[in-house]
Amino acid sequence: MTGFFRRFAVAALSLSALAGLAHAQMDARRAEAELIADRVTVAPGDTFYAALKMTMDDGWHIYWRNAGDAGLPPRLILKDGTNLPEAAIGEFLWPLPHLIPVVEGEIMDYGYDDQVVFAFPVTIPKDAIGQVQIVAEADYLICESICIPETADVSLTLPVGAPVENAKAGAEIGAWIARVPVAFGGEARIADAAEPWTLSLRQEDGFPESAQLRFFPYQHEISHPAAQPQRAGPEGASLSLTPDRAGTIEGTLDGVIRVDVPGAEPVGYEISASRGEVFAGTADREVQSALPGIGRLGGAAEGNALGWQRIATLAFFALIGGIILNLMPCVLPVLSMKAIGMVQAAASGHAGELKSHGLWYTGGVVLSFLALAGVLLLVRQATGSATLGFQLQHAPTVAVLTLVMFAVGLWLMGFFELGGSVQNLGGSLARRGGAAGAFFTGILAAVVGAPCVGPFLGAALGAVIGQPAPAVVAVFLAMGFGMALPFLILSFVPGLHRMLPKPGKWMDTLKQAFAFPMFLTAAWLLSIVASLAGAGAVGWTLVGATTLVFAIWLGRQGGAVRKAVAAVALAAAFIYPAVQANVPEASVSGSSQGAFNGNYGEAAWSPDMVEAMLAEGRPVFVDFTASWCASCQVNKLTTLKTRKVQEAFKNANVAFLVADFTQKDPMIADELKLRARAGVPMYLWYPAGASEPQILPELLTQELVIGLVEG
Amino acid sequence: MILSRRHLSLAAGMAAAVALTAGALIASTAEASPAAPASVGALAPGFTGTNSNGESVSLADFAGKTVVLEWTNDGCPFVKKHYADPPLNMQSLQKSASADDIVWLSVISSRPGSQGHVSPEEANALTTSRGAAPAHVILDESGDIGRLFGAKTTPHMYIVTPEGTLVYDGAIDSVPSARVDDIAKAENYVSAALADVGAGKPVATPSTKPYGCAVKY
C-alpha cells in the first residue's frame, strides 16, 4: 500500500514538475483568459464595460474576491502599452460565487468553475484620440486538488470615434453583471454577544419558503467551513455563524448572501450588517439544509463519506443507548416477561428454540423502532417538527396504553392466558406461541420503552432529528438492536443460557409479582390521562378497565354467543375511553398547566419571560419537563426540589421557570429543536446578564446545580 | 419465592456490564468533545510526531526554546515561491533561526497520495536539494498535528515561546501571491515576530490570515 502511495506521490510530483514546464509554454494553461468589451468603438468621455472572461478546464476552479481559507482571487495587472490612466479602469464586479468544500468541515473556499466573466467599468478620457488600449496580465490561481498559479497576457484595443456597441459581447457581459449581488433591500443585523453569532435578515414578506441561504463574508470574521444553520419567519431569515478563532466585528459585518431556491437561478444580495439584536420574525422555525455543499452533509463525494461516518458514530451511540434503555424502569417489567420465556425455552432443552426466541424478540423490538422512525418521519413531514414522547401527549393513546398495561398486569397475575401460554412446557403449539409471544414482547418493550428517552439517547436523537430520512432510520434501527442485544447475546452464546435458573414454581410467583409494576405503570399513565383530558376521561378509562375484566370473565365461560359478546365488550373497553379522552386540546391545556405548576409552585416558561427576568438582572434556570418523563421526575426529586438547591436558588435570586411539555406545545418544541434536543428533560442555565444559556446535562446533581448558581 | 443465587448474580452481572458500558460512553463522549484549538496567547497544544529520520519529536522536547512551526508541501506554488533560489527566503529564515538557537519544525500534513506527501527519504532529499535547514521535518500524514493547530494553508506559520505560549499564527508575509518578485515587497511577519520574541516584547502582529494552497488533509 505504502509502495503504491509512494509511486503515486512520485508520479504526482513529476506531473507537477511537467506542469511547471508546460506553464512556460503558454498553450498548456488550465484556463483561457480574454478581454472583451461591449463596444466596438468608443467616444471620448464614454463609460462602458469591459470584462475579463475566464473559461476553466473541467474540474478546475478560480476564486471569488474572498477566496475563503486558501486560494487567491484573480487580478488584472496593467502593463506597458496601456494608454489609459489607472483611475480610468474600475474594479471587478464579482459575480455570485459558490462554495468549494476542499476538506469537508475544515477548509472551505469560495469561487467559480467552468466559466466566469468579471466585468469592470472603463471611462475614456475626454481628450482621447486614435485608439485606446488595455494591455494586461491576468494573474490567477487555478486549483483542482492541486493549485497552479497562471498568468495570461490579454489586451483590448478600441478605436476612438462615434460609439458603436458590440451586441454579442455586450449581451455576455450583461448576463454576468446580472449575477453580481445587488444591495439588500431589507435590513441586516449581526448579534455577536454570544457564540454562535446570529445574522438576522429582515425584509418585507420574508424569503421564499424553500429558500436556502448562505453568507459569504468579504473578510475572515467567521469560520468559512462551518455550517450556517438557518431559521426563518414571516419577516425574513437568520443564519447561525461560527466566529473565526480571532474573529471580531469592527463596525459592520460585510459580505454577500446567496439565496438558492430550487428550480431558479441563485440570487445574491450584498449586505452590511450592523451589530444588534436578532429581528423578530426572522428566526421562528428551523430550515433544513438541502443544498449540496451547503448543508452539514456536503455535496462533494468526500463530504458524503464523512456524513456517513457521522451517521455511523451516531448509530453506534444509539446502539449503546438502546442497551441502556433496558435499565429504564418502564421497560424492566416487560423484559422480565421475556426472561421467563427464556427460562422456559432453556428448560425444554432446545438451544434452537432459545435462539429463535432471541431472534423473534429482536425482530419485534427492531420492527417497532422502525415503525417509530417511520411515524417520526411522517409527522416531521406533516408538521415540520417532531418530538419524542409525543405519543404520551395524545390523551386517547395514553388511555389505551393504560388499559394495555392493566391487561398485561392481569395476564401476569394469571387471570387469563394468551393462546399458546408461556406456562405450557413443550409441544409445538407452545413453541409457535412462544415465538409469537417473544415477538409481541419485543414490540411491547419498544412501545413502552420509547418515551423513556434516556439521557444518552437524547443527544443522539437531537442530532439526528433534523437529518435526512436514512440517517433517522439508521439511528432508530441501531437503537432497537441495542435494546434487544443483551437478550440476543444471552440466547445465542452457548453456555450463557445455562446460567439461567431452572424453571419451577418460583417462575409463577415471580411472574405474578411483576404484575404490580404493570399496575403501577397503569396508575401512572392514568394520572397522565387526568392531566391531559381531565377527571371524566379517567372515569371512562376505569369503566373501560372494568369492561375489560368483564369481557375476559365472560370469554372464559365458553359458548359462541358469550364469546361474541365478550369480544364486543373487549373492543368497547378500549374504544370508548379513547373517544372520551379525545377532548379538544385547548380546553384543557390551561387547567393542566395550572395544575402542574401549582404542584411545582414556579413560573411558566416563555422566551419573553426569560428575557424579562434577564432584564431584571436575575439569573434564570429553566426546567423543560413533563409528567410522563421519568428522568425529569428523578431530577426533580433528587436535585431541583431539594432544600439545598432551593435555598441556593433563593439566595442567588434565581428565576426558576418551568416549561411543561406534558402536552404538546409548539413553543417548547421549537426551543427543544433550537437546542438540538429530541425531548425532555432539558435544563437551561442563564447566568445573570447572559443572553445565551448553558445546556446542562440531562442527569442533574445537587453539586452541579449549586456550583453553577453560586459560581 | 425461590430466587436462585445464580439468578441474582446473573442479574447483577448484567447490570454491572451495562453500567460499565454507560461509563465508557460518558468517558468517550467527554473525549470526543473537541480539544481547545490552538489560539494565540494561550499555551500551544502539545503533540508528538515522527520526523524524517524516524525519531519521535514532541513539542515538550523544546521547552525553554522558541519554536517555529512551518506547514509545507513542496508541490505547492506558494511554498515554491518561498523556497525559490534566489532569494532563498524560507531557507535563510531557517538558517538565521538555527543561529539564534530557535527550533524550526517543518510539518507535512499531506495525506498519502496527495500533493506534498513524501517518504522519509524523499523528505531528507528535499531538504538537501533545496538547501533547507529545519531542525526537524515532521511527517504528519494523518493530519492530526495540522488539525490540532488548525493549519489551513501551506505555508502556514506558528511561533511558540520558550514558555510554550503560542504568539504567532498566520501568513509568512504580507503579500498573498505566488510570485517570487513579491517577496521583496512584503513585510515578513515571521522574522518580525521572532525579533519581538527575542527582545522580550509582545508580538506586534500576532495573528494574520495565512495564504497558500489548502493543506491536503
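Quick notes on the rules
- Residues numbered from 1 in each chain as written.
- Chains lettered and ligands numbered in written order.
- Predicted model: local features only at pLDDT ≥ 70, side-chain atom pairs only at ≥ 80, totals over all residues.
- Buried ≥ 20, exposed ≤ 12 C-beta atoms within 10 Å, placed from the backbone.
- Helix = DSSP H or I, 4+ residues; strand = E, 2+ residues; numbered from the N terminus.
- Arc of directions from axis to C-beta.
- Contact = placed C-beta atoms within 7 Å.
- Pairing = 2+ DSSP bridges.
- Axes fitted to C-alpha atoms, helices over the stretch in contact; angles between N-to-C directions.
- Parallel < 35°, antiparallel > 145°, perpendicular 65-115°, else oblique.
- Nonpolar A, V, L, I, M, F, W, Y, C, P; charged D, E, K, R; others polar.
- Left-handed = near helix turned anticlockwise from the far one by under 90°.

**As for helix 3 (residues 89–99) of chain B**
Residues and elements named next belong to chain B.
Step number 1: Listed as buried for helix 3 are Asn 89, Met 90, Leu 93, Gln 94 and Ala 97. An end-on view of helix 3 places all buried positions within 135° of arc, on one side of the element.
Step number 2: Residues of helix 3 that are buried make contact with strand 3 (67–71), helix 2 (77–83), strand 4 (103–108), helix 6 (182–185) and helix 7 (189–198).

**Quick look at the environment of Pro 208 of chain A**
Residue and element names in this part refer to chain A.
Step number 1: Mapping Pro 208 onto the fold places it in the loop between strand 14 (197–202) and strand 15 (212–217).
Step number 2: The class of Pro 208 is partly exposed, set by 13 C-beta atoms lying within 10 Å.
Step number 3: When the C-alpha positions of Pro 208 and Asp 260 are compared, they lie 9.6 Å apart, and in sequence the two are 52 residues distant.

**A short note on the sheet that holds strand 2 (residues 56–58) of chain B**
All names here are of chain B.
Step number 1: Strand order in the open sheet formed by seven strands is 2-1-5-4-3-7-8, with mixed pairing between adjacent strands. Whereas interior strands pair on both sides, the edge strands pair on one side only; in this sheet they are strand 2 and strand 8 (166–170). Mean inter-strand twist for the sheet, computed between neighbouring axes without regard to direction, equals 30°.
Step number 2: As defined by bridge partners, strand 3 adjoins strand 7 (residues 156–160) across five bridges and the pair is classed as antiparallel. Following the sheet pairing, Val 68 is matched in strand 7 by Ile 159.

**As for the packing of helix 16 (residues 643–651) of chain A against helix 18 (residues 702–710) of chain A**
Between two packed helices, what matters for the description is the angle formed by their axes and the separation of those axes.
Residue and element names in this part refer to chain A.
Step number 1: Between helix 16 and helix 18, whose axes approach to 9 Å, the crossing angle comes to 10°. As judged from the angle between their axes, helix 16 and helix 18 are roughly parallel. Touching Lys 644, Val 645, Ala 648 and Phe 649 of helix 16 are Gln 702, Val 705, Ile 706, Val 709 and Glu 710, all from helix 18.
Step number 2: A class-by-class count of the residues in the contact of helix 16 with helix 18 yields six nonpolar, one polar and two charged.

**Concerning the environment of Gly 276 of chain A**
All names here are of chain A.
Step number 1: In this structure, Gly 276 sits in the loop between strand 19 (267–275) and strand 20 (285–287).
Step number 2: The exposure class assigned to Gly 276 is partly exposed, which follows from the 14 C-beta atoms found within 10 Å.
Step number 3: Residues Gly 276 and Ala 188, 88 residues apart in the sequence, show an inter-C-alpha distance of 9.3 Å.
Step number 4: Sequence-distant contacts of Gly 276, that is, excluding residues within four places in its chain, are made with Arg 189 and Ala 191.

**A few points about unusual backbone geometry**
Most peptide bonds are trans, and most residues other than glycine sit at a negative phi.
Step number 1: The linkage connecting Asp 85 of chain B with the following residue, Pro 86 of chain B, adopts the cis geometry, with an omega of -10°.
Step number 2: The topology assignment puts Pro 86 of chain B in the loop between helix 2 and helix 3.
Step number 3: Looking along the chain, the bond that leaves Thr 154 of chain B and enters Pro 155 of chain B is cis, with omega of -5°.
Step number 4: Topologically, Pro 155 of chain B is positioned in the loop between strand 6 (153–154) and strand 7.
Step number 5: Even without glycine at this site, Asp 205 of chain A takes up a positive phi of about 70°.
Step number 6: Tracing the backbone shows Asp 205 of chain A in the loop between strand 14 and strand 15.
Step number 7: A positive phi angle, near 55°, is found at Asn 653 of chain A, a position not held by glycine.
Step number 8: Relative to the helices and strands, Asn 653 of chain A resides in the loop between helix 16 and strand 23 (655–660).
Step number 9: Asn 653 of chain A sits in the partly exposed class, given 13 other C-beta atoms within 10 Å.

**Structural notes on the packing of helix 6 (residues 395–413) of chain A against helix 11 (residues 515–556) of chain A**
All names here are of chain A.
Step number 1: One can describe the packing of helix 6 onto helix 11 by two numbers: an axis separation of 7 Å at closest approach and a directional angle of 30°. The crossing of helix 6 and helix 11 is right-handed.
Step number 2: Split by residue class, the contact of helix 6 with helix 11 holds 26 nonpolar, five polar and no charged.

**Overview of the pairing of strand 17 (residues 236–241) of chain A**
Residues and elements named next belong to chain A.
Step number 1: Within strand 17, five of the six residues are buried, leaving the element largely enclosed by the surrounding structure.
Step number 2: Sheet analysis places strand 16 (residues 230–233) next to strand 17, joined by four bridges and oriented antiparallel. Note that in strand 17 the partner of Gly 233 across the bridge is Gly 236.
Step number 3: Counting the residues that bridge the hairpin from strand 16 to strand 17 gives two residues.

**Section: the sheet that holds strand 22 (residues 620–625) of chain A**
As a general point, the strands of a sheet are linked pairwise by backbone hydrogen bonds and lie either parallel or antiparallel.
Step number 1: Across the sheet, five strands lie side by side as 21-23-22-24-25 (chain A); this open sheet has mixed pairing. Edge strands, defined here as strands with exactly one partner in the open sheet, are strand 21 (603–604) and strand 25 (694–696) of chain A.

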